[in-house]
Amino acid sequence: MPKMTGAQAVVEAFTKEGVEYVFGLPGGACLPLFDALYDAKFKVILVRHEQGAVHMAEGYARATGKHGVVVVTSGPGATNTVTGIADAYMDSIPLVVVTGQVKTFLIGNDAFQEADVTGITRPITKHNYLVKDAKELPRVLKEAFYIASHGRPGPVLIDFPSDVSLAEFDFVYPETVNIRGFKPTVEGHPGQIKKAAKLIQQSKRPVIYTGGGVIIAGAAKELIKFVEKTNVPCTNTLMGLGGVSGTHPLFLGMLGMHGTVYANKAVNDCDLLIAIGARFDDRVTGDLTKFAPKAKIIHIDVDPSAISKNVKVDVPIVGDVKQVLTELNKLVEPVDTKEWFAQIEVWKKESPLRYHDDGKAVRPQYAIQKLSEIMGGGAIVSTDVGQHQMWAAQYYKLNGPNQFLTSGGLGTMGYGFPAAIGAQFAFPERTVLCITGDGSFQMNIQEMATAVYSKLPVKIAVINNNYLGMVRQWQEIFYKHRYSSSEMNGNPDFVKLAGAYGATGRRIDKKEEVEEAIRWSMTIKDRPCVLDFIVTEEENVFPMIPSGKSLDQLMDMA
Amino acid sequence: MAVHDPTPIQQRVLSVLVENRAGVLSHVVGLFSARGFNIDSLAVGETEDPTMSRITLVVKGDARTLEQIKKQLNKLIDVIKIQDLTDEEFVDKELMLVKFKTSPRVKDALKPLLTKYRMSVIDEDGSITVVESTESRENTQKLFGLFKELGIVEIARTGTVALSKKV
């Protein structure tokens, strides 16, 4: 049995788990761990702020389907990760976060850089540990990786006191885990699957509604087979985008608050709603009493607590989405949806996605359409949060899963840029684009340094309207144009800022410059490139169903 | 219709087996505050297997909330098993210690109760009388009402502990 320090044991466990990248920033309490990381075979990426580290790990995890791994120090290092961890918890991203902690005998003494990190992160982690004895490390590390990625994934935090990281012990990494209280249901109940298949066959106006669960389960292929075999129209949540290709003829686009009119009308009018790896979030349903009022509901999800949480479900199926869809695909047959599609086609013609265009100004929707056309459906696209996020969801057509990285649940401004960096580390050869806003970008803009020293060719499209655009839109519509604290006075010149970091960029304020600038950005291969799109300031995201309302209050472009 | 029909508020007794480790109780209690669930009573103690503790919870809510409570508890990694005792035959007890000012009125009032309930006087002098009761949650509530009328100086109550009657 090899003798190791606690810190070396962590590095050894990371190696055994196949970790490729660790994102982090050192400090006093995790100096022993960073000393051990100095000899690691995998890469350690120094970030500029711990929140950036977590979002990079999230971006990496979502693009690859693997664990994202973060190492930071105690106290402020750990508290800086809180937003990222909460984000990963809401969006079910498998992370392992190791936080340094003060020495065990100092815990509770208000020591320098001490914070009760397991206490702070309890409600935002899937599980967390405070390791007080190095001998617990092998079990804790093995469990952490297992818990993070099994069942409904999520972040697991290990709080790691510095004296434990220095303690020597005999290290044996366990081959298996046995956690009495954690046995996720993988296989869907065959009887329920049969019932679901029967309901599908009997339906006249069915709709498939899928969420991030399809992406996480790696079930996009099974989903497309299901959609095509049944011939049932499919809509995605924000988190589910890429589950079916954005150009698929059976795809209705996104549903919900800023979803397409026809997707929302289809859900409103359907007689069967097949929810797969989605959780009936309020941004999707609006007024629950008026959501899918005529429909029976089938709900497939790996998390039993997601089922019947918000809506009443007729056929619940707890299980791994990929497994359940595989079984379901064996039973289903084509549904006669000819009339149903004819109706949807009418809605599509009546209210397509559209925007005003005067041919001169840069419309944000136009910029994103052109990004989509030129950078292509194979790119990995991250977004921040706000108007640009919704436009990206509406107008960027993606080919497949694990390509759309966005903060869906928590709605974290500052997510997009570091997430893109994490994805670019994973796929150095692919086009990785961050669509952001002038507000969001500045929330983690310091990570430009991380991208520059790593020579990452991340593209950053700033949809720059000089506002916290979504806040401004709500203030325009619901608060009588009273733009309270939403105008972004004092914005920097993003191109100059990029230059200062050693990146490059261009400012685009005319429609005619858009295409050329995007093409130019594709030639930059050794550094980040900022495309600062100066867009029409008071553009609104439409369609829009106001918060808590239903389809009959839908607002569309005037 | 997609929404849940409203259902009456009921009280349930849950028996929850958990890992006997530091921090487990905070995970359980934290879940209730984070999700806005109500706990009426909670009692915890080690079991015959020293690696496990049993938490007895008395919770309140409509059918949907109660289902969520059980599902969310089940999601906690440290929760091993949940039994909803309300669905089966079970026994339950609560311990209550009550301090009264000694007086003929108190003495007279307590006398019939001492024979009717599992109650005893555990300390008594000229000034103070301390009474112990070990009764079901229901009876404890009843006694508590009577004691309040008598004039309580101080009171301490445990949460409900309960066990299924099944083998």
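Residues numbered from 1 in each chain as written. Chains lettered and ligands numbered in written order. Predicted model: local features only at pLDDT ≥ 70, side-chain atom pairs only at ≥ 80, totals over all residues.

1. Focus: the overall build of chain B
Working step 1: Summing up its helical and strand segments, chain B has four helices and nine strands in all.
Working step 2: Secondary structure elements of chain B, listed N to C terminal, follow the sequence β-α-β-β-α-β-β-α-β-β-α-β-β.
Working step 3: The principal-axis extents of the C-alpha atoms in chain B amount to approximately 60 × 45 × 35 Å.
Working step 4: By the burial criterion, 23% of the 167 residues in chain B qualify as buried. (Helix = DSSP H or I, 4+ residues; strand = E, 2+ residues; numbered from the N terminus. Buried ≥ 20, exposed ≤ 12 C-beta atoms within 10 Å, placed from the backbone.)

2. Some words on the overall build of chain A
Working step 1: Assigned secondary structure in chain A consists of 23 helices and 20 strands.
Working step 2: Relative to the globule expectation of 24 Å for 558 residues, the C-alpha radius of gyration of chain A, 24 Å, shows essentially globular dimensions.
Working step 3: With respect to the principal axes defined by its C-alpha atoms, chain A has extents near 70 × 60 × 40 Å.
Working step 4: Pairs at least 24 residues apart make up 77% of the contacts formed inside chain A by residues separated by at least 6 positions. (Rg over C-alpha atoms; globule rule 2.2 N^0.38 Å. Contact = placed C-beta atoms within 7 Å.)

3. Details of the interface of chain A and chain B
Interface size is commonly expressed as the accessible surface area that is lost when the partners come together.
Working step 1: Each partner contributes to the interface: chain A provides 22 residues, whereas chain B provides 20 residues.
Working step 2: Along the lines of polarity and charge, the residues of the side of chain A that touches chain B split into 12 nonpolar, six polar and four charged. (Nonpolar A, V, L, I, M, F, W, Y, C, P; charged D, E, K, R; others polar.)

4. Let's talk about the sheet that holds strand β14 (residues 315–318) of chain A
Residue and element names in this part refer to chain A.
Working step 1: The strand order across the open sheet built from six strands is β11-β10-β9-β12-β13-β14, with neighbouring strands paired in parallel fashion. The open sheet is flanked by β11 (251–254) and β14, the only strands paired with a single partner. Mean inter-strand twist for the sheet, computed between neighbouring axes without regard to direction, equals 15°.
Working step 2: Across four bridges, the pairing between strand β13 (residues 296–301) and β14 is parallel. Looking at the pairing, histidine 299 lines up with proline 316 of β14. (Pairing = 2+ DSSP bridges. Axes fitted to C-alpha atoms, helices over the stretch in contact; angles between N-to-C directions.)

5. What about the domain arrangement of chain A?
Residues and elements named next belong to chain A.
Working step 1: Splitting chain A by domain gives domain 1 (3–170), domain 2 (190–350) and domain 3 (364–534).
Working step 2: Here domain 1 and domain 2 have C-alpha centroids that lie 37 Å from each other.
Working step 3: On the domain 2 side, the residues contacting the six residues of domain 1 number six residues.
Working step 4: Grouping the amino acids of the side of domain 1 that touches domain 2 by side-chain chemistry returns one nonpolar, three polar and two charged. (Domains from an automatic or database assignment.)

6. Some points on the sheet that holds strand β7 (residues 155–161) of chain A
Residue and element names in this part refer to chain A.
Working step 1: The strand order across the open sheet built from six strands is β3-β2-β4-β5-β7-β6, with neighbouring strands paired in parallel fashion. In this open sheet, the two edge strands, each paired with only one partner strand, are β3 (43–46) and β6 (127–130). When the angles between neighbouring strand axes are averaged without regard to direction, this sheet yields 20°.
Working step 2: Pairing between strand β5 (residues 95–101) and β7: seven bridges, direction parallel. Counted as the bridge partner of leucine 95 is proline 155 from β7.
Working step 3: The sheet strands contacting helix α3 (residues 50–64) are β2 (21–25), β3, β4 (68–72) and β5, and the helix crosses β4 at an angle near 165°.
Working step 4: Helix α5 (residues 82–90) contacts β5 and β7 of the sheet and is inclined by roughly 145° relative to β7.

7. A word on the pairing of strand β19 (residues 504–508) of chain A
Residue and element names in this part refer to chain A.
Working step 1: By the bridge criterion, five bridges tie β19 to strand β20 (residues 529–534) in an arrangement that is parallel. Note on β20: the bridge partner recorded for glycine 505 is valine 530.
Working step 2: The parallel pair β19 and β20, bridged by helix α23 (residues 514–521), forms a crossover whose chirality is right-handed. (Right-handed = clockwise from strand over helix to strand, strands pointing away.)

8. Some words on helix α14 (residues 321–331) of chain A
Working step 1: Buried within α14(A) are the following residues: Val321(A), Lys322(A), Val324(A), Leu325(A), Glu327(A) and Leu328(A).
Working step 2: Tucked into the core, α14(A) has its buried residues touching α9 (190–202), α10 (212–216), α11 (220–230), β12 (272–276), β13 and β14 of chain A.

9. Notes on helix α12 (residues 261–269) of chain A
Working step 1: A large share of α12(A) lies buried, amounting to seven of its nine residues.
Working step 2: Val261(A), Tyr262(A), Ala263(A), Asn264(A), Lys265(A), Ala266(A) and Val267(A) are the residues of α12(A) that are buried.

10. Observations regarding the domain arrangement of chain B
Residues and elements named next belong to chain B.
Working step 1: On domain assignment, one finds that chain B holds domain 1 (10–87) and domain 2 (90–164).
Working step 2: With centres defined by C-alpha atoms, the gap from domain 1 to domain 2 works out at 27 Å.
Working step 3: Contact residues are listed per partner, giving nine residues for domain 1 and nine residues for domain 2.
Working step 4: Residue contributions to the side of domain 1 that touches domain 2 peak at three residues, all from strand β2 (residues 38–46).
Working step 5: In terms of residue class, the side of domain 1 that touches domain 2 is built from five nonpolar, four polar and no charged.

11. Digging into the packing of α3(A) against helix α18 (residues 416–426) of chain A
In a packed pair of helices, the relevant descriptors are the angle between the two axes and the axis-to-axis distance.
Residue and element names in this part refer to chain A.
Working step 1: Remark: α3 packs on α18, axes separated minimally by 6 Å, with the N-to-C direction vectors making an angle of 50°. The angle between α3 and α18 falls in the class oblique. Crossing of α3 against α18: the hand is right-handed. Contacts from Gly52, His55, Met56, Ala57, Glu58, Gly59, Tyr60, Ala63 and Thr64 of α3 reach α18 at Pro418, Ala419, Ala420, Ile421, Gly422, Ala423, Phe425 and Ala426.
Working step 2: Split into classes, the residues belonging to the contact of α3 with α18 amount to 11 nonpolar, five polar and one charged. (Parallel < 35°, antiparallel > 145°, perpendicular 65-115°, else oblique. Left-handed = near helix turned anticlockwise from the far one by under 90°.)

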